[in-house]
Amino acid sequence: MDGYDPATYGDRFASVYDDWYAGITDAKTCAELLADLADLDHEAGGGPVLELGIGTGRLALPLSALGVQVVGVDTSEAMLAALAAKPGAGAIETVVGDMADPPLGDRRFAVVFVAYNTLFNLVDPADQQRCFDSAAGRLVPGGSFVVEAFVPAPGQAQQSVAPRTITADRVVLSVSQTDPGRQEAMGQYLDISEAGIALRPWHIRWSTLDELDAMAVRSGLVLADRWADWDRTPFGVDSPSHVSRYTPAP
Ligand SMILES: C[S@@+](CC[C@H](N)C(=O)[O-])C[C@H]1O[C@@H](n2cnc3c(N)ncnc32)[C@H](O)[C@@H]1O
């Protein structure tokens, strides 16, 4: 998308993110699973948890509240400012940087995770591979790289315009198009009120399960678990999304 860079999504959504997406997945269950994994790895040397694309802390804050040391990376200073304004944020270390290769020197983590399709914000597959490489290189022995994303379904190219919100003072229109050949989707929310029009663009490149697993193998990781959700529901052929845990290959 012309004019779109790695900080655009966060910068344009920061003011509405919590209103629109606070309940999109079960943050408490996610935090409990990640805390378990961090504990499990404690035997192998312990260490903090790194969230890639931490955003406003929807997941990091409940995880931190469980006593887990959390570090978060995000390209958007606006998203990190929204996080910093929340109670409990002082316990979380945040870093401005690209999740394809976060500027964290040689720091290691028991768990690195990237949730809610955020990996797909890297629209170049080579950058998704770099993200796997970087995460793999940051794991302590026995550590986990956890990826939550939707399972791509076969489909045709589509374009749509649909209302997201209609009130007396505001209309939010969702304009989007998908390109299955390129495995890309992009769109805009046109947020229209008497104050003016805010443009909230997004752009993703999805990867299939096989592609993700192949990236993991190239990074020296293997698939250890695949669940349908953060509750560890067994993954099935009809699962619309997945939580995949990769660990260093033996
Ligand atoms: C969909 S939000 C998810 C936020 C949070 N993880 C959650 O689950 O609520 C995606 C986040 O990733 C950030 N982001 C997008 N591209 C990024 C990149 N290349 N590197 C780091 N963060 C990125 C955005 O700024 C945004 O905060």
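As a reminder, the structure under discussion sits directly above these lines.
Being a predicted model, the structure only gives us computed values, none of them experimental.

What counts and what doesn't
- Residues numbered from 1 in each chain as written.
- Predicted model: local features only at pLDDT ≥ 70, side-chain atom pairs only at ≥ 80, totals over all residues.
- Core = buried A, V, L, I, M, F, W, Y, C linked by C-beta atoms within 7 Å.
- Buried ≥ 20, exposed ≤ 12 C-beta atoms within 10 Å, placed from the backbone.
- Helix = DSSP H or I, 4+ residues; strand = E, 2+ residues; numbered from the N terminus.
- Contact = placed C-beta atoms within 7 Å.
- Pairing = 2+ DSSP bridges.
- Axes fitted to C-alpha atoms, helices over the stretch in contact; angles between N-to-C directions.
- Near = placed C-beta within 6 Å.
- Nonpolar A, V, L, I, M, F, W, Y, C, P; charged D, E, K, R; others polar.
- Right-handed = clockwise from strand over helix to strand, strands pointing away.
- Arc of directions from axis to C-beta.

Enquirer: Help me get a handle on the nonpolar core, residues and values and all.
Expert: Formed by 57 residues in total, the largest nonpolar core has its most connected members in Leu34, Val49, Val111, Val112 and Phe145. The biggest single contributor to this core is helix α3 (residues 27-42), with 7 residues. Beyond its immediate chain neighbours, meaning those up to four positions away, Leu34 contacts Val49, Leu63, Val111, Phe113 and Val146.

Enquirer: Please provide a residue-by-residue account of the environment of Val146, values included.
Expert: Residue position: Val146 is located in strand β5 (residues 139-150). Between the C-alpha atom of Val146 and that of Arg108, which follows or precedes it by 38 residues, the distance is 15 Å. Once residues within four sequence positions are removed from consideration, Val146 is found in contact with Leu34, Val111, Phe113, Val243 and Arg245.

Enquirer: Got a sec to walk through the sheet that holds strand β7 (residues 170-179)? Specific residues and values, please.
Expert: If you walk across this open sheet you meet the 4 strands as β6-β7-β8-β9, and the pairing is antiparallel. The open sheet is flanked by β6 (158-166) and β9 (196-205), the only strands paired with a single partner. Strand-to-strand twist of the sheet, defined as the mean angle between neighbouring strand axes without regard to direction, takes the value 15 degrees.

Enquirer: Describe the site of the ligand, and please don't skip the residues or the numbers.
Expert: The environment of the ligand is formed by 21 residues, the closest being Gly10, Gly53, Gly55, Arg58 and Ser76. Within the shell around the ligand, the residues separate by chemical class into 11 nonpolar, 7 polar and 3 charged.

Enquirer: Explain the pairing of strand β2 (residues 70-74) to me, and be specific about the residues and the numbers.
Expert: Among the 5 residues that make up β2, 4 are buried, leaving the element largely enclosed by the rest of the structure. Of the strand pairs in this sheet, strand β1 (residues 49-52) and β2 are connected by 4 bridges, and their pairing is parallel. Note on β2: the bridge partner recorded for Val49 is Val70. Handedness of the β1-helix α4 (residues 60-65)-β2 crossover: right-handed. Pairing of β2 with strand β3 (residues 93-96) involves 4 bridges; the strand directions are parallel. When the bridges of β3 are listed, Asp74 appears paired with Val96. Handedness of the crossover joining β2 and β3 through helix α5 (residues 77-84): right-handed.

Enquirer: Please provide a residue-by-residue account of unusual backbone geometry, values included.
Expert: Although it is not a glycine, Gln183 adopts a positive phi angle of roughly 60 degrees. Examined against the element boundaries, Gln183 turns out to sit in the loop between β7 and β8 (184-193). Take Gln183: there are 17 C-beta atoms within 10 Å of it, and that puts it in the partly exposed class. Look at Arg232: it is not a glycine, yet its phi comes out positive at around 65 degrees. Here Arg232 shows up in the loop between β10 (221-227) and β11 (241-248). The class of Arg232 is partly exposed, set by 13 C-beta atoms lying within 10 Å.

Enquirer: Could you give me a rundown of helix α7 (residues 209-218), with the residues and numbers involved?
Expert: Listed as buried for α7 are Leu212, Met215 and Ala216. Each buried residue of α7 lies within a common arc of 100 degrees when the element is viewed along its axis, so the set occupies one face. Of the exposed residues in α7, those oriented more than 90 degrees away from the buried face are Asp210 and Arg218. The inward-facing, buried residues of α7 abut α6 (125-137), β5, β10 and β11. Gly220 sits one or two residues past α7 and shows a positive phi near 85 degrees.

Coordinates in, geometry out; function isn't part of it.
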